[in-house]
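# Summary of the model geometry
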Amino acid sequence: MTAIKDIINWLASPAIAVTLSMVGLVGAMFCKPLWTKKGGILLFATLIGGFAFSFTDPNFRIVASMPDNVPILGMLFLVGFFFWYAMYQAHLNDARLAKGLPPLEKEDSDKKVFTWPDLVYVELISLIVCSIVMILWSIVLKAPLEEPANPGAAPNPAKAPWYFLGLQELLVYFDPWMAGVVLPTLIIVGLMAIPYIDTNPRGNGYFSFRERKWEIVMFCFGFIILWVVLIILGTFLRGPNWNFFGPYEYWDPNKLVPLNNVSVSEIFWVKWLKTALPAFWLKRELPGILLVLFYMGALPGLLSKTLFKRFYEKMGTVRYVVGVNLFLIMLAVPIKMYLRWIFNLKYIVNIQEFSFNI
Amino acid sequence: MNLEKSWRRLQQQVVETQVWKSIFRVGIPNTNRKRVLAVLGNVVLHLHPVKTRKSGVKMRYTWCAGGMTFFLFLVLTFTGLLLMFYYRPTIEYAYGDMLDLREQVPFGIMREMHRWGAHAMVITVWIHMFRVFMTGSYKPPREFNWNVGVVLLVLTLLLSFTGYLLPWDQLAIWAITVGSNMARATPLAGYEGPFAAQIAFNGVNLVTAGSDARFGLLGGRIVGANALLRFYVLHCVFIPLIAAFLMAVHFWRVRKDGGISGPL
C-alpha cells in the first residue's frame with residue numbers, strides 16, 4: 001500500500017505529472033477506442049476508483065475535503081466528462097463523414113421547431129435542475145469563514161483564488177511580470193485571435209476531430225494542460241512555501257527544498273568560458289538575448305519554410321506571424337518548465353538593472 | 001387516460017379564470033399562431049427567436065452550458081442583492097456582518113448560494129467556451145461574438161476575484177494580496193516591474209509603491225479599507241453592469257449571426 005502511494009506521490013511531482021498529462025492527453029486524442037461509450041466508462045471508472053482509493057488516505061482527505069476545494073474536484077470531473085463527451089460525439093461524426101454522410105447535427109439543424117414549447121421547456125427543466133443542485137449544495141456544505149483578516153499574519157501557503165492557481169504555479173518558473181501580467185494578457189489576446197487565425201472553414205457548427213485536428217489539439221493543450229492541470233497542481237499538490245507535496249504526503253511546513261538555480265549568463269560565462277561575469281549588462285546577457293531573439297524572431301521564419309510551410313501558405317503572412325508567435329509563446333511555458341527541471345535554469349535573460357528577467 | 005382527461009379539465013378551468021386571463025394575454029399556446037405570440041408577446045421570452053434550429057434545442061449539442069452560466073448570473077445577482085441588505089464594506093463591520101449572516105439570519109443559505117454559485121459559474125463558463133470551441137462555433141460569422149464571450153469570461157473571473165475579498169477573512173485578504181501583487185510587476189506601470197525604475201524625472205522615481213498600478217487597483221499600499229470599498233463597488237455595481245450590457249450584446253449577436261450554430 002505504502003509502496004503504491006510512494007509511486008503515486010512520485011508520479012505527481014510537477015515534472016512527471018506535466019509530462020505524463022501532456023503525453024497522455026495528446027496520445028489519448030488519437031486513441032479512438034477511448035472515445036466510445038466503453039472507453040468513457042473505463043476513463044470514468046479509473047477516475048472514480050483512483051479518487052475512492054485516495055480518499056482512504058488521511059493526508060489526501062485533509063486537502064480534498066476542504067469546502068472550497070469541492071468545486072475544484074467537481075470541475076475535474078465535469079471537464080473530464082465533457083472532454084470525453086465532445087470527443088465521443090466528434091468521433092461519431094467523423095465516422096459518418098468518412099462514409100460521406102453529413103454530421104449528426106445536420107439532420108436536426110435543417111429542421112426548425114417552435115421556441116415555445118420545445119426550447120422553453122428545455123430551459124425550464126435546466127433551470128429547475130440547476131436550482132435544486134444549488135439549494136442542496138448550499139444546505140449540505142456551509143460556506144467557510146476563516147479567522148478575521150490580519151494583514152500581519154500571512155498564512156502559509158498564501159494562495160490566490162483557485163482559478164488563478166495555474167498562473168501562481170507559473171511563478172515558480174517565471175517572474176511575476178511574465179506569469180502575472182504578460183502571460184494572462186496573451187491568453188486573452190490569444191483566445192480572441194482564434195477565430196481570425198483559424199481559416200479552416202470545415203467543422204463549423206458540429207463536433208468533429210478529423211476535420212480540425214490541429215486546432216483541437218492546440219486548444220486542449222492550452223485549456224487542459226496549461227490551465228486545468230496546473231490549477232489541480234497548484235490546489236492539491238502545493239503546500240507550505242509553495243513546495244510540492246504528493247497527494248498522500250503530509251503538508252510539512254518544515255520541508256526543505258534546495259534552490260540552486262542558475263541563469264544562462266552564468267552557464268555561458270562562468271561554466272563554459274571559465275571567466276567572471278562581464279560587468280556590462282548587454283555583454284553579460286548577450287547569449288540569453290540572442291536565444292530569445294532567435295526563438296521569437298528567427299524561428300517563425302525558419303518554420304514557415306520547413307515544418308509550418310503548409311500553414312504559412314494557407315494562412316498568409318499576417319495570420320501566420322500572429323498565430324505562430326502566440327503558439328511559440330504558449331510552447332515557451334512548458335519549455336521553460338523543462339529547462340528548470342532538467343538544467344536548474346533560472347533565467348534565460350537576467351537583466352537585474354531593469355528588473356527584466358525572462 | 002382518465003387522469004389525463006381530468007388534468008386537461010383542470011388546466012382548462014384554471015386558464016379560463018379572470019385572474020389567469022388578466023396575466024397571460026394569449027392563453028395556452030396550442031396553435032402555431034399562439035406559439036408565435038407566446039414568444040413575441042413576452043418580455044423575457046422575446047429574447048428568443050420564434051423558431052429555433054432543432055439541433056440548438058438538443059442538450060447533447062449545447063450542453064446548456066451558456067444557459068446555465070446566465071442562470072447562475074441571475075442567481076448570483078439575486079442572492080447578492082439579499083446579501084447587500086446585511087453587509088457593510090468597512091473593515092470595522094465586514095467580518096462581523098459575515099458572522100451575523102452565518103449565525104443570526106434565519107434560513108441563511110444565501111451566502112452559501114452566492115459562494116457556491118460563483119464557483120459554479122466560473123466552471124460553467126469554461127465548459128461553455130469549451131463546447132463553443134469544440135463545435136467550431138466561433139467560425140464566421142460568429143467571430144465577434146466569440147470575442148464578446150472572451151471578455152465575458154474575463155469579467156466572470158474578475159467578478160469572482162473582487163468578491164473574494166468581501167468576507168474579510170484570512171482567505172480573502174491573502175488571496176487578494178497574492179493576486180494583486182502581480183500588478184506591481186506590470187512592465188512600466190508597477191514599481192517592481194521591468195523598466196519602471198527607469199521612469200524618473202530629475203532623479204525622482206515616478207513609479208513608486210504609492211503611485212503604481214497596484215496602488216491604483218487597491219487605493220493604498222496594502223489590501224486595506226480602501227481596497228475593500230473599491231472591490232465592493234466593482235463587485236456589486238461596476239462589473240455586473242458591464243457584464244449585463246455585454247450579455248445583451250452576446251445574446252443579440254447569437255440571433256443576428258443566425259441563431260445557435262449548426263452545420264451549414
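I will try to describe carefully the structure that is included in this document. Within each chain, residues carry numbers counting from 1 in the order of the written sequence. Written order decides the labels, with chains lettered from A and ligands numbered from 1. Confidence filtering applies because this is a predicted model: local features only for residues at pLDDT of at least 70, side-chain atom pairs given and counted only at 80 or more, and all residues used for totals across whole chains, interfaces and linings.

## A short note on the overall build of chain A
Along chain A, the regular secondary structure elements total 14 helices and three strands. Its C-alpha atoms put chain A at 75 × 60 × 40 Å along the principal axes. In chain A, the proportion of contacts linking residues at least 24 apart, taken out of those at least 6 apart, comes to 68%. Only runs of H or I of at least four residues qualify as helices and only runs of E of at least two qualify as strands under DSSP, and these elements are numbered from the N terminus. Note on contacts: each residue gets a C-beta atom placed from the backbone, and two residues are in contact if those atoms are within 7 Å.

## Side note on helix α7 (residues 115–140) of chain A
Multiply 1.5 Å by the residue count of a helix minus one, and that product is the helix's expected span. Here α7 of chain A spans 36 Å end to end across 26 residues, near enough to the 38 Å set by a 1.5 Å rise per residue. Within α7 of chain A the residues assigned to the buried category are T115, W116, L119, V120, M134, W137 and S138 of chain A. The elements touched by buried residues of α7 of chain A are β1 (112–114) of chain A together with α3 (32–40), β1 (51–53), α4 (54–57), α6 (65–86) and α8 (110–134) of chain B. For the exposure call, what matters is how many other C-beta atoms sit within 10 Å of a residue's own: 20 or more marks it buried, 12 or fewer exposed, and in between partly exposed, using C-beta atoms placed from the backbone.

## With respect to the interface of chain B and chain A
In this complex, chain B contributes 86 residues to the contact, which on the side of chain A involves 73 residues. Strand pairing follows a simple DSSP-based rule, namely that at least 2 bridges must link the two strands. Relative to β1 of chain B, β1 of chain A runs antiparallel, the two sharing three bridges. Bridging from a neighbouring strand, K112 of chain A pairs with R53 of chain B of β1 of chain B.

## Things to note about the environment of N202 of chain B
Residues and elements named next belong to chain B. With respect to the element layout, N202 can be found in the loop between β2 (200–201) and β3 (204–205). Look at N202 and you get exposed, because 4 C-beta atoms sit within 10 Å. As a C-alpha pair, N202 and V178 span 24 residues in sequence and 33 Å in three-dimensional space.

## With respect to unusual backbone geometry
Here the amide bond leading from W116 of chain A into P117 of chain A is cis, since omega sits at 10°, within 30 degrees of zero. Tracing the backbone shows P117 of chain A in helix α7. Residue P157 of chain A follows N156 of chain A across a cis peptide bond; omega there is 0°. Of note, P157 of chain A is situated in the loop between α7 and α8 (165–170). The backbone of N344 of chain A sits at a positive phi, close to 55°, despite the residue not being glycine. Tracing the sequence through the fold places N344 of chain A in the loop between α14 (317–343) and β2 (350–351). Positive phi outside glycine occurs at W168 of chain B, with the angle close to 55°. Counting through the fold element by element, W168 of chain B comes out in the loop between α9 (143–165) and α10 (170–181).

## Some points on the packing of α7 of chain A against α8 of chain B
Note on geometry: axes are C-alpha line fits, over the in-contact stretch for helices, and angles between N-to-C directions span 0 to 180 degrees. Remark: α7 of chain A packs on α8 of chain B, axes separated minimally by 9 Å, with the N-to-C direction vectors making an angle of 115°. Between α7 of chain A and α8 of chain B lies a crossing of right-handed hand. Taken together, the residues of α8 of chain B that come into contact with α7 of chain A (itself represented by M134, W137 and S138 of chain A) are E112, M113, W116 and G117 of chain B. Charged means Asp, Glu, Lys or Arg here, nonpolar means Ala, Val, Leu, Ile, Met, Phe, Trp, Tyr, Cys or Pro, and polar covers whatever is left, Gly included. When its residues are assigned to classes, the contact of α7 of chain A with α8 of chain B shows four nonpolar, two polar and one charged. Left-handed describes a crossing whose near helix is turned anticlockwise from the far helix through less than a right angle; right-handed describes the clockwise counterpart.

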